[in-house]
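These are the residues of each chain, in order.
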Amino acid sequence: MIKFFKKYRLSKKVREIKTSHRRNRAFMDFHKARTVLLIFDGTDVSRLGRINKIIDAMNREGKDVTALAFYNDKSLADVCLTQDKIDFVSKSELTSFGFPEEHIIQGYFSNTYDLVLLLDMVYCETTAMMTDIADATFKAGKASVVAEDSLDLVIELKDDKDETFLVEQIKYYLRSIKSGS
């Protein structure tokens with residue numbers, strides 16, 4: 001019963017945030033996107049090097065990138081504290097219902113981004129919820145890691161692929177669709 005109540009409160013809060021955003025979905029040409037929010041589960045710290053390379057590549061392309069990682073523990077690992085391009089949200093910064101605290105909402109989810117990319121390869125309830133409440137013109141990610149109605153572009157990937165490949169696929173499709181290829 002408690003689990004049901006927590007899920008109910010979380011879904012109600014997500015609906016409230018989404019309603020306040022009044023998100024205007026529209027196709028986003030990758031070249032025209034200026035602000036990008038990357039969301040991912042950063043609990044597996046071996047991913048951080050690849051994510052940093054993705055951030056660097058997007059910065060070189062003129063994108064203003066914000067990277068937000070969920071760390072599934074009460075306190076962050078030491079390696080997380082050394083990351084200057086990636087911000088982390090730990091379990092201790094979630095309410096008892098699993099929703100980010102107000103300072104996280106104000107810091108990340110009150111902004112409107114051109115593009116939100118969910119870089120998870122497997123489902124994570126918290127990053128799926130964060131993607132859902134993010135205010136963006138266009139959202140993209142891997143199929144099966146979030147409710148597909150939360151994303152505007154869903155990429156099917158085999159299990160042996162990583163987030164670098166996912167980002168390249170998203171960029172390819174955003175460039176191809178716009179050019180009519």
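As a starting point, this report considers the structure included with it. Just so it is clear, the model here is predicted, and its values are computed rather than measured.

**Topic: the packing of aromatic side chains**
Counted according to the given criterion, the structure contains one aromatic pair. Taken together, a centroid distance of 5.2 Å and an interplanar angle of 75 degrees make the contact between Y172 and Y173 edge-to-face. Looking at K63, its charged tip hangs above the ring of F30, at a distance of 4.6 Å from the centre. Sitting above the plane of the F165 ring, K161 keeps its charged end 4.7 Å from the centroid.

**A short note on the nonpolar core**
Core analysis: the largest hydrophobic core is formed by 31 residues, its most contacted members being L38, M58, I86, L117 and L119. Mapped by element, the contributors of at least two residues to this core are β1 (35-41), α2 (48-60), β2 (64-71), β3 (86-90), β4 (112-118), β5 (135-142), β6 (153-155) and α6 (163-179). No other element matches α2, which puts five residues into this core. Setting aside anything within four residues of it in sequence, one finds I86 in contact with F40, L48, I51, N52, I55, A67 and A69. Membership of the second largest hydrophobic core comes to 24 residues, among which are L37, F70, Y108 and Y113.

**Side note on the environment of K74**
The residue K74 is located in the loop between β2 and α3 (78-81) in this model. Residues K74 and E93 lie 19 residues apart in sequence; the distance between their C-alpha atoms is 8.1 Å.

**Describing the side chain of D135**
Note that D135 resides in strand β5. Classification of D135 as buried rests on a relative accessible area of 8%. Reaching out from D135, the side chain makes a polar contact with the side chain of T112 at a distance of 3.0 Å.

**Comments concerning helix α4 (residues 102-109)**
When α4 is considered as a whole, its buried residues turn out to be I104, I105, Y108 and F109. Viewed along the axis of α4, the buried residues span an arc of 100 degrees, placing them on a single side of the element.

**Here's the deal with the pattern of salt bridges**
By the definition in use, this model includes eight salt bridges. Between E163 and R50 there is a salt bridge, with its nearest N and O atoms 2.3 Å apart. One end of the pair, E163, is in helix α6; the other, R50, is in helix α2, with 113 residues separating them in the sequence. In this structure E163 comes out as buried when scored by relative accessible area, which is 1%. Two residues, R175 and E61, come together in a salt bridge whose shortest N-O distance is 2.9 Å. Linking R175 in helix α6 with E61 in the loop between α2 and β2, this pair joins segments that are 114 residues apart in sequence. Exposure remark for R175: the relative accessible area of 29% places this residue in the partly exposed category. Each of R47, R50, D120, D162 and E163 takes part in salt bridges that share partners, so that together they form one network.

**Re the sheet that holds β3**
Spatially, the six strands line up as an open sheet ordered β3-β2-β1-β4-β5-β6, and their pairing is parallel. Single-partner strands in this sheet number two, and they are β3 and β6. For this sheet the average axis-to-axis angle between neighbouring strands, irrespective of direction, equals 20 degrees. As judged from the six bridges shared by β4 and β5, these two strands associate in the parallel manner. Opposite L115, over in β5, you have F138 as the bridge partner. Along the sheet, α4 makes contact with β1, β2, β3 and β4, crossing β2 at roughly 155 degrees. Packing of helix α5 (residues 125-133) onto the sheet brings it into contact with β1, β2, β3, β4 and β5, and relative to β1 it is tilted by some 160 degrees.

**Focus on α2**
For α2, spanning 13 residues, the distance from its first C-alpha to its last is 18 Å, which sits close to the expected 18 Å at 1.5 Å a residue. Along α2, the residues that are buried comprise L48, I51, N52, I54, I55 and M58. Buried residues of α2 fall within an arc of 160 degrees about the axis and therefore sit on the same side. Turned more than 90 degrees away from the buried face of α2, the exposed residues are K53 and R60. Backbone geometry just downstream of α2 places G62 in the positive-phi region, at approximately 85 degrees.

What counts, and at which threshold
Residues numbered from 1 in each chain as written. Predicted model: local features only at pLDDT ≥ 70, side-chain atom pairs only at ≥ 80, totals over all residues. Heavy atoms only, no water. Phe/Tyr/Trp six-rings, centres within 6.5 Å; stacked < 30°, edge-to-face > 60°. Lys NZ or Arg CZ within 6 Å of the ring centre and 35° of its normal. Core = buried A, V, L, I, M, F, W, Y, C linked by side-chain atoms within 4.5 Å. Buried < 20%, exposed > 50% of the residue type's maximum accessible area, 1.4 Å probe, protein only. Helix = DSSP H or I, 4+ residues; strand = E, 2+ residues; numbered from the N terminus. Contact = heavy atoms within 4.5 Å. Polar contact = N/O pair within 3.5 Å; in protein donor to acceptor, adjacent residues only side chain to side chain. Arc of directions from axis to C-beta. Salt bridge = Lys/Arg side-chain N within 4 Å of Asp/Glu carboxyl O. Pairing = 2+ DSSP bridges. Axes fitted to C-alpha atoms, helices over the stretch in contact; angles between N-to-C directions. Expected span 1.5 Å × (residues − 1).

Fair warning: the whole summary comes from geometry, so function is off the table for now.
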